[in-house]
Every structure is written in C-alpha cells, then in structure tokens.
Amino acid sequence: SKLPALAFYGIYQILILELNRYKECTLLPLGSHTASDRTSRSSGDIEITKKGKLFESVEVKLDKQIDINMARIAYEKIVRFDPVRYYILSYIGISENDQKEINDLISTIKKEHGCQLIVNGLVPTLKYYLRLISDPVVFLNNYIKLVEKDTEIKPIHKTKLQELLKKYI
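Rules used throughout
- Residues numbered from 1 in each chain as written.
- Predicted model: local features only at pLDDT ≥ 70, side-chain atom pairs only at ≥ 80, totals over all residues.
- Heavy atoms only, no water.
- Helix = DSSP H or I, 4+ residues; strand = E, 2+ residues; numbered from the N terminus.
- Buried < 20%, exposed > 50% of the residue type's maximum accessible area, 1.4 Å probe, protein only.
- Contact = heavy atoms within 4.5 Å.
- Salt bridge = Lys/Arg side-chain N within 4 Å of Asp/Glu carboxyl O.
- Axes fitted to C-alpha atoms, helices over the stretch in contact; angles between N-to-C directions.
- Parallel < 35°, antiparallel > 145°, perpendicular 65-115°, else oblique.
- Left-handed = near helix turned anticlockwise from the far one by under 90°.
- Nonpolar A, V, L, I, M, F, W, Y, C, P; charged D, E, K, R; others polar.
- Arc of directions from axis to C-beta.

1. Quick notes on the side chain of Thr49
Part 1 of the argument: Structurally, Thr49 can be placed in strand β2 (residues 46-50).
Part 2 of the argument: Looking at Thr49, the relative accessible area reads 12%, which means it is buried.
Part 3 of the argument: Beyond its immediate sequence surroundings of up to four residues, Thr49 is in contact with Glu24, Cys25, Thr26, Leu28, Leu54 and Phe55.

2. So, the pattern of salt bridges
Part 1 of the argument: All told, the structure shown has ten salt bridges when counted by the stated rule.
Part 2 of the argument: A salt bridge links Asp150 to Lys2, with the nearest nitrogen and oxygen atoms 2.6 Å apart. In this pair, Asp150 is assigned in the loop between α6 (136-149) and α7 (155-168) and Lys2 in helix α1 (residues 2-18), connecting sequence segments 148 residues apart. Both residues of the pair, Asp150 and Lys2, belong to the buried class.
Part 3 of the argument: Here Arg72 ties to Glu101 by a salt bridge, and the two come within 2.8 Å at their closest N and O atoms. Of this pair, Arg72 sits in helix α3 (residues 68-81) while Glu101 is found in helix α4 (residues 99-112), placing the two residues 29 residues apart along the sequence.
Part 4 of the argument: For Arg72, a relative accessible area of 38% puts it in the partly exposed group.
Part 5 of the argument: Accessibility expressed as a relative area gives 38% for Glu101, which makes it partly exposed.
Part 6 of the argument: One salt-bridge network, held together by shared partners, links Lys2, Asp150 and Glu152.

3. Re the packing of α1 against helix α5 (residues 122-132)
Part 1 of the argument: Direction vectors running N to C along α1 and α5 enclose 30°, while the axes themselves pass 10 Å from each other. Taken together, the axes of α1 and α5 lie roughly parallel to each other. Where α1 crosses over α5, the two elements pack in a sense that is left-handed. Residues Pro4, Ala7, Phe8, Ile11, Tyr12, Leu15 and Glu18 of α1 touch α5, and the partners they reach there are Leu122, Thr125, Leu126, Tyr129, Leu130 and Leu132.
Part 2 of the argument: Each residue belonging to the contact of α1 with α5 can be placed in one class, and the counts come to eleven nonpolar, one polar and one charged.

4. Let's talk about α5
Part 1 of the argument: Three or more residues of α5 are buried, namely Leu122, Thr125, Leu126 and Tyr129. Looking down the long axis of α5, one finds its buried residues gathered within 100° of arc, a one-sided arrangement. The outward face of α5, more than 90 degrees from its buried face, is lined by the exposed residues Lys127 and Arg131.
Part 2 of the argument: Buried-residue contacts for α5 involve α1, β3 (53-61), β4 (85-90), β5 (116-121) and α6.

5. Looking at the packing of α6 against α7
Part 1 of the argument: The contact between α6 and α7 brings their axes to 10 Å, and the two run at 150°. It follows that α6 is roughly antiparallel to α7 by the angle criterion. Considering only the axes of α6 and α7, their crossing is left-handed. Across the interface between the two elements, Leu140, Tyr143, Ile144, Val147, Glu148 and Lys149 from α6 touch Lys158, Leu161, Gln162 and Leu165 from α7.
Part 2 of the argument: Split into classes, the residues belonging to the contact of α6 with α7 amount to six nonpolar, one polar and three charged.

Next comes the structure, spelled out in structure tokens:
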C-alpha cells in the first residue's frame, strides 16, 4: 500500500512548485506507512503545510473502499489537525451504500469546520494531477527515486519496477 502513497508524494513534489494554490507551501517528509496515524501523530499519509500550519492532508487507501466510518475518522482528524482540505483516495473507490451519508457528512464538515473533504478514486485523481503538471517525466523520475530509496518497500517490488521500466521505457 506504500506504492500509491509514494506516487502521490512524487506528484505533490511537483504540484507545490508549479501550482499557485501551493505557493508558500511545504511538503512534509513522508512518514512510515507501517505506523498507525495515532503512533505517527500525523493527519494522513501526506501532509502539506502553509506558513507552518497544516494546509492539506491526503489519506491513501489501496485495498479499502471509502465508507462512512472512514469519512468519520477523517472528520475526527480534521477537527484535531485543522487542515483546509482533506483527501481520502482509494483504489477501490467509494461505497455506493454509504454515498449519501458520506455526502451529508462532507456538507456538515464544510459547514461546521470549513474544511473541504474530498473522497475519490486513486487512479482518476492521479490522472487528473498528471494533466496539471508541466512534465510527467519529472513525476516518473520522482516516483522511481522514492521507490528506490524507500526502506519499507520490498525488494521484489523494486525489482518489478525496474523490469517494467526496461520493458516500457
């Protein structure tokens, strides 16, 4: 599950340099993906600050569907850490059964707290972000470096990435 978090971290390395929204923002170092958020004292997998205050948090889920419980946990983090925007991104997407309740909670959070909670799929969001940046090759290079230097990624994943790069690039 760390691979998609690294992908988003790699794209945020570019977004904070290129998009006006992230002017004066800092991308905090990526924490351990094996530690719980309570242990790491973080609001999400990726954190961006602006003038020393938490600006945006991104929670990346690989094998879990976004449900109302996940949204409620996000709300607790929003209250505790006070970001302007909070993302929950999942490879599986959003639970259709919980969609209305999640939308209602998103409205409540915006009204009561002011934070914008965004729930979306990992792949559609990554595609969208790739269209925003000036050079996707920079993203690929960032991602490769992040995977290669990460100590939590298993060697088999690093080897597979190298095989894919040789095959397709």
